[in-house]
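Read off the chains here:
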Amino acid sequence: MFKFNFNKDDMDTSTLPENQVIETDELNVPNTLFPLPYTILNVGDRQLKLGQTFSTSIDSDLIPGIYEGGYKLWECTLDLLEYLSKHTTYFDGKSVLDLGCGTGLLGIFTLIAGAQNVDFQDYNKEVLIRTTMNNVLLNCEEKIKACKYYSGDWESFNVFNEDTYDLILTSETIYNLSNYKKLINLFEKKLKPSGCVLLIAKNYYFGVGGSINEFVHCLKSTKMISDTVWSSTDGVKKTILKIHF
């Protein structure tokens, strides 16, 4: 099932329309969507297929308000995948949200390794159709009914989606300080009381101001707490936070 929401700037929350829902078998997807050339990624004792990205005119990693890097496989995602491969109790039999999913590999890995269902959220609808869905089909076509897809701003996701989750996964989503409040609000509303968020990010994003320390500082004014469960030991410094009530 696909639920395509739209950015908050385009909606009047006082008269919210019903979600647009498109069943998978009704979606007009080109025949070339599956199969496509792919790359094999080894994650623990499992393999993931990363499909070839559709051609796009976007030549930047980030265009504020338009494109948020969803076509790119970010390095932090690989580190979080490796962490998940060693800690399956986080998601085994659980409901999972892959927030800012892009390629969708985080959610896909949990689905093939035991998650009950996975929702994928990305800012861009095109990313979900061209990249996320393609990777779901490549890796776990038989489980596609356990997946839902949401596009749009995090505030609209909070409004349109009434589900809550045992585990929220998110990678490289704290580079923009102005989005911290929206992100934390989403965690507070969408996380089950006994659940947790696994957030991975670079310790500092040069040129844009976001950082792990700044995000942890923002959390201190809420009912949520964070624990550092992993830190890189070489190269670019990265951290995985476990965030919970």
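Residues numbered from 1 in each chain as written. Predicted model: local features only at pLDDT ≥ 70, side-chain atom pairs only at ≥ 80, totals over all residues. Heavy atoms only, no water.

### Here's the deal with the overall build of the chain
When you go through the chain residue by residue, the secondary structure sums to six helices and 11 strands. By sequence separation, contacts in the chain at least 24 residues apart represent 68% of the contacts at least 6 residues apart. Carbon and sulfur atoms make up 48% of the accessible area of the chain, which totals about 11,900 Å². (Helix = DSSP H or I, 4+ residues; strand = E, 2+ residues; numbered from the N terminus. Contact = heavy atoms within 4.5 Å. Areas by Shrake-Rupley, 256 points an atom, 1.4 Å probe, with all protein chains shown as cover.)

### Some details on the nonpolar core
Within the largest apolar cluster, 37 residues are counted, with the highest numbers of intra-cluster contacts made by Leu 48, Phe 91, Phe 120 and Leu 198. If one sorts the elements of this core by residue count, helix 2 (residues 105-112) sits on top with six residues. For Phe 120, the residues in contact, after removing those within four places along its chain, are Asp 98, Cys 101, Gly 104, Gly 107, Ile 108, Leu 128, Thr 132, Val 136, Cys 147, Lys 148, Tyr 149 and Tyr 150. Among the nonpolar cores identified, the runner-up in size contains 25 residues, and Tyr 150, Tyr 165, Tyr 175 and Leu 183 belong to it. (Core = buried A, V, L, I, M, F, W, Y, C linked by side-chain atoms within 4.5 Å. Buried < 20%, exposed > 50% of the residue type's maximum accessible area, 1.4 Å probe, protein only.)

### What about the pairing of strand 3 (residues 38-43)?
As judged from the six bridges shared by strand 3 and strand 4 (residues 46-51), these two strands associate in the antiparallel manner. Looking at the pairing, Leu 41 lines up with Leu 48 of strand 4. Two successive antiparallel strands, strand 3 and strand 4, enclose a turn made up of two residues, where Gly 44 displays a positive phi of approximately 60 degrees. (Pairing = 2+ DSSP bridges.)

### Concerning the side chain of Asp 166
One can find Asp 166 in strand 8 (residues 165-171). There is a polar contact of 2.9 Å between the side chain of Asp 166 and the backbone nitrogen of Ser 95. Those residues in contact with Asp 166 that lie beyond four places of it in its chain are Lys 94, Ser 95, Leu 191, Lys 192, Gly 195 and Cys 196. (Polar contact = N/O pair within 3.5 Å; in protein donor to acceptor, adjacent residues only side chain to side chain.)

### Some remarks on the pattern of salt bridges
Summed over all chains, the structure comprises seven salt bridges. For the salt bridge of Lys 148 with Asp 119, the shortest nitrogen-to-oxygen distance reads 4.0 Å. Taken as a pair, Lys 148 in strand 7 (residues 147-151) and Asp 119 in strand 6 (residues 117-122) lie far apart in primary sequence, 29 residues in all. Its relative accessible area of 1% is what places Asp 119 among the buried residues. Three or more residues joined by partner-sharing salt bridges are found here, namely Glu 75, Asp 79 and Lys 238. (Salt bridge = Lys/Arg side-chain N within 4 Å of Asp/Glu carboxyl O.)

### Considering the confidence of the model for the chain
For the chain, per-residue confidence averages 84 on the pLDDT scale, and residues scoring 70 or more make up 77% of the total. Within the model, the stretch residues 4-34 combines pLDDT values under 50 with 60 contacts to residues more than four positions away or in other chains. (pLDDT = per-residue confidence, 0-100.)

### Some remarks on the state of the cysteines
Scanning all chains against the criterion turns up zero disulfides. Of the cysteine sulfurs around Cys 140, a residue in no disulfide, the closest is that of Cys 147, at 5.6 Å. (Disulfide = S-S within 2.5 Å.)

### Comments concerning helix 5 (residues 180-190)
The set of residues buried in helix 5 consists of Tyr 180, Lys 182, Leu 183, Ile 184, Leu 186, Phe 187 and Lys 190. On its buried face, helix 5 is in contact with strand 5 (95-99), helix 4 (154-160), strand 8, strand 9 (191-202), helix 6 (212-219) and strand 11 (238-244).

### Considerations on the environment of Ile 40
When you line up the elements, Ile 40 lands in strand 3. Along the chain, Ile 40 and Leu 50 lie 10 residues apart, while their C-alpha atoms are 6.4 Å from each other. Not counting the four nearest positions on each side in its chain, Ile 40 is found in contact with Gln 47, Leu 48 and Lys 49.

### Description of helix 6
Listed in full, the buried residues belonging to helix 6 are Ile 212, Phe 215 and Leu 219. Each buried residue of helix 6 lies within a common arc of 65 degrees when the element is viewed along its axis, so the set occupies one face. Facing away from the buried side of helix 6 by over 90 degrees, the exposed positions are Asn 213 and His 217. Against helix 5, strand 9, strand 10 (225-231) and strand 11 lie the buried residues of helix 6. (Arc of directions from axis to C-beta.)

### Some words on the pairing of strand 9
Among the 12 residues that make up strand 9, nine are buried, leaving the element largely enclosed by the rest of the structure. Sheet topology places strand 8 next to strand 9; six bridges connect them, and they run parallel. For Thr 170, the partnering residue across the bridge sits in strand 9 and is Leu 199. Note on the crossover from strand 8 through helix 5 to strand 9: the handedness is right-handed. Note that strand 9 and strand 11 share six bridges and pair antiparallel. (Right-handed = clockwise from strand over helix to strand, strands pointing away.)

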